[in-house]
Amino acid sequence: MIRRAGRVGGSGRAVVLFLAALLPLLAGAGQAQAAGYRYWSFWDLDGDRWTYATQGPSGARPADGDVQGFRFAVSEESDNSAQPRGAADFAGICAKTPAKDGSKRVALVIDFGTAEDAPSGETPLANRTACARVAPDASTAEALASVAEPLRYDNSALLCAIAGYPERGCGEQVSGTGTESGTGASAPGKETEGGSEDGSEKTGSPDSSASGESGDDGGPSLGLFAGVAVVALLGVAAFWQVRRRG
């Protein structure tokens, strides 16, 4: 009897089709583990659009008439961080703060984010704008402190809270579903994010090193590995079934 190699019986085809359908589901499960970070991002208004700041608040020295913004949100990377919402016009924000010799005015837009981005048990404050009148050489951190205390920083000088919000946490990693997976402070990353009142500066949006203490780095889950193992076993079974029936 001549055997024809590679011929797949009905049951073998069923197994192959099952594997083909299962693989996209497992890939989706891996993507669902993507993690972001809950933190205050810092922005400059360039014309009529926001641009992600390239310096931290303690290093930035805005000029009279500048508009800068802060937004609290969960973001995966600095290039897709949520921008401040609301009016961003120097003339409107500082209309009631006249110019004064020996000082400068900086318009600030402070967006406390959405309920979805808020830490568990906390409610975002109402968004606000403020006109800070500060010394000519003052930093953005000093301008912010003059209108939105209390500010809170972590021991790495990352800006954690504006006007006391949020009450806890600082750049913690969260899962793709918005739940917290770590509470440690973040380490330096791609962009400059924070600053401190003593003039030191945090250079970095939160990144994966923030999860070192929690043991959850947002990578593939145990369930994903188990699923891959099942697929591998089914594949082996299908192969031997085809060989036996060939």
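Residues numbered from 1 in each chain as written. Predicted model: local features only at pLDDT ≥ 70, side-chain atom pairs only at ≥ 80, totals over all residues. Heavy atoms only, no water.

1. Observations regarding the nonpolar core
Across soluble globular proteins, nonpolar side chains have a tendency to be buried as a group.
Then, number 1: In this structure, Trp 40, Phe 70, Leu 108, Ile 110, Leu 144, Leu 159 and Ile 162 are the most contacted members of the largest nonpolar core, which totals 25 residues.
Then, number 2: Contributions of two or more residues to this core are made by β1 (36-46), β3 (67-75), β4 (104-111), β5 (128-134) and α3 (140-147).
Then, number 3: Broken down by element, this core gets its largest block of residues, 4 residues, from α3.
Then, number 4: Other than its neighbours up to four places away in sequence, Ile 162 contacts Trp 40, Phe 70, Ile 110, Phe 112, Leu 144, Ala 148, Pro 150 and Leu 151.
Then, number 5: In terms of nonpolar packing, the next biggest core, distinct from the first, is built from 13 residues, Trp 50, Ile 93, Cys 94 and Ala 107 among them. (Core = buried A, V, L, I, M, F, W, Y, C linked by side-chain atoms within 4.5 Å. Buried < 20%, exposed > 50% of the residue type's maximum accessible area, 1.4 Å probe, protein only. Helix = DSSP H or I, 4+ residues; strand = E, 2+ residues; numbered from the N terminus. Contact = heavy atoms within 4.5 Å.)

2. With respect to the confidence of the model for the protein chain
Reading fine detail from the predicted coordinates is not recommended where pLDDT is low.
Then, number 1: Of the residues in the protein chain, 56% have a pLDDT of 70 or more, and the chain-wide mean is 75.
Then, number 2: Taken as a whole, residues 29-33 scores under 50 in pLDDT and shows 5 contacts with residues more than four places along the chain or in a different chain. (pLDDT = per-residue confidence, 0-100.)

3. What about the pairing of β1?
Then, number 1: Within β1, 9 of the 11 residues are buried, which leaves the element mostly enclosed by the surrounding structure.
Then, number 2: Note that β1 and strand β8 (residues 172-174) share 3 bridges and pair antiparallel. Across the sheet, the residue bridging to Tyr 37 is Gln 173, located in β8.
Then, number 3: Bridging between β1 and β3 involves 8 bridges; their strand directions are antiparallel. Following the sheet pairing, Trp 43 is matched in β3 by Gly 69.
Then, number 4: By the bridge criterion, 4 bridges tie β1 to strand β2 (residues 49-52) in an arrangement that is antiparallel. Within the sheet, the bridge partner assigned to Trp 43 lies in β2 and is Tyr 52. (Pairing = 2+ DSSP bridges.)

4. Quick look at the side chain of Lys 104
Then, number 1: Among the secondary structure elements, Lys 104 is positioned in strand β4.
Then, number 2: The side chain of Lys 104 is buried and forms no salt bridge, while Asp 137, the nearest opposite charge, is found at 6.6 Å.
Then, number 3: In this structure the side chain of Lys 104 is engaged in a polar contact, spanning 3.1 Å, whose partner is the backbone oxygen of Pro 136.
Then, number 4: Setting aside anything within four residues of it in sequence, one finds Lys 104 in contact with Arg 61, Pro 62, Ala 63, Asp 64, Ala 132, Arg 133, Val 134, Ala 135, Pro 136, Asp 137 and Ala 138. (Lys, Arg positive; Asp, Glu negative; His and termini not counted. Salt bridge = Lys/Arg side-chain N within 4 Å of Asp/Glu carboxyl O. Polar contact = N/O pair within 3.5 Å; in protein donor to acceptor, adjacent residues only side chain to side chain.)

5. A closer look at the packing of aromatic side chains
Then, number 1: Under the defined criterion, the tally for this structure stands at 6 aromatic pairs.
Then, number 2: Arranged with centres 5.4 Å apart and planes meeting at 55°, the rings of Trp 40 and Phe 72 form a pair that is tilted. Of this pair, Trp 40 sits in strand β1 while Phe 72 sits in strand β3; the two residues are 32 residues apart in sequence, bridging distant segments of the chain. The two residues Trp 40 and Phe 72 agree in class, both being buried.
Then, number 3: Ring centres of Trp 43 and Tyr 52 lie 5.1 Å apart, and the angle between their planes is 80°; on these two criteria the pair is classed as edge-to-face. (Phe/Tyr/Trp six-rings, centres within 6.5 Å; stacked < 30°, edge-to-face > 60°.)

6. Describing empty space enclosed by the protein
To find leftover empty space, a probe the size of one water molecule is rolled over the atoms.
Then, number 1: One pass over the full model with this rule turns up 1 cavity of 30 Å³ or more.
Then, number 2: In this structure, the largest cavity occupies an estimated 40 Å³ of space.
Then, number 3: Lining the largest cavity are Arg 38, Tyr 39, Trp 40, Phe 72, Leu 158, Leu 159, Cys 160, Pro 166, Gly 169, Cys 170, Gly 171 and Glu 172.
Then, number 4: Mapped onto the lining of the largest cavity, the elements with two or more residues apiece are β1 and β7 (159-161).
Then, number 5: Here the residues of the lining of the largest cavity are counted per class, giving 8 nonpolar, 2 polar and 2 charged. (1 Å grid on protein atoms, 1.4 Å probe; cavity = no way out; pocket = protein on both sides within 12 Å on 5 of 7 lines; lining within 4 Å. Points joined across faces, edges and corners; volume = space filled by probe spheres on them. Nonpolar A, V, L, I, M, F, W, Y, C, P; charged D, E, K, R; others polar.)

7. Notes on unusual backbone geometry
Then, number 1: Here the bond from Glu 149 into Pro 150 is cis, since omega is 0°, no more than 30 degrees from zero.
Then, number 2: Inspection of the secondary structure puts Pro 150 in the loop between α3 and β6 (152-153).
Then, number 3: Cis geometry marks the peptide bond from Tyr 165 to Pro 166; its omega dihedral reads -5°.
Then, number 4: Relative to the assigned elements, Pro 166 resides in the loop between β7 and β8.
Then, number 5: Even without glycine at this site, Ala 157 takes up a positive phi of about 75°.
Then, number 6: Assignment of secondary structure puts Ala 157 in the loop between β6 and β7.
Then, number 7: The buried category is assigned to Ala 157, whose relative accessible area is 6%.
Then, number 8: Residue Ala 163 is not a glycine yet carries a positive backbone phi of 55°.
Then, number 9: By secondary structure assignment, the location of Ala 163 is in the loop between β7 and β8.

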